[in-house]
Amino acid sequence: AVVVTQHPALAALLRERHLIEDDCEVLDHVTDPEQIRGRRVVGVLPHHLSCLCASITEVPLKLSAEQRAARRELSLEELREVAGEAATYLVKRLW
């Protein structure tokens, strides 16, 4: 698996929830589609990339309007409070 996130606390939460291994590769962003092609990815990707993955797993964040507006990094403790259940998707390009 590979994690795509710019948020270190999210990677820590994923490890805490046993969604990824401790040594899982974490990318800030995808610079080459080959980084995620055929792999199980945890994070958020645009559909033109998520359709290349074996699967894409997201952890939805239930942020308040104030938290969204603040645009600041959330701590692990804050993420524990707002992180929903992980959901895994298979995305397929039709044409």
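The structure this text deals with has already been given above.
Residues numbered from 1 in each chain as written. Predicted model: local features only at pLDDT ≥ 70, side-chain atom pairs only at ≥ 80, totals over all residues. Heavy atoms only, no water.

1. Examining unusual backbone geometry
Line of reasoning, step 1. Located in the positive-phi region is His18, a residue other than glycine, with phi close to 60°.
Line of reasoning, step 2. The topology assignment puts His18 in the loop between α1 (8–16) and β2 (25–27). (Helix = DSSP H or I, 4+ residues; strand = E, 2+ residues; numbered from the N terminus.)

2. Description of the pairing of strand β4 (residues 55–58)
It is a general feature of regular strands that their side chains alternate between the two faces of the sheet.
Line of reasoning, step 1. Relative to β4, strand β3 (residues 40–43) runs parallel, the two being bridged by three bridges. Each residue of the ladder has a partner; that of Val41, found in β4, is Ile56.
Line of reasoning, step 2. The pairing of β4 with strand β5 (residues 87–89) spans three bridges and is classified as antiparallel. Pairing of Thr57 across the sheet is with Thr88, part of β5. (Pairing = 2+ DSSP bridges.)

3. Things to note about the pattern of salt bridges
Line of reasoning, step 1. Enumeration over the complete set of coordinates arrives at five salt bridges.
Line of reasoning, step 2. Its salt-bridge partner being Arg80, residue Glu77 comes within 3.9 Å of it at the nearest N-O pair. Residue Glu77 and its partner Arg80 are located together in helix α4 (residues 76–82), separated by three residues, close to a single helical turn.
Line of reasoning, step 3. Under the relative-accessibility criterion, Arg80 is labelled partly exposed at 40%.
Line of reasoning, step 4. Each of Glu16, Glu77 and Arg80 takes part in one network of salt bridges that share partners. (Salt bridge = Lys/Arg side-chain N within 4 Å of Asp/Glu carboxyl O. Buried < 20%, exposed > 50% of the residue type's maximum accessible area, 1.4 Å probe, protein only.)

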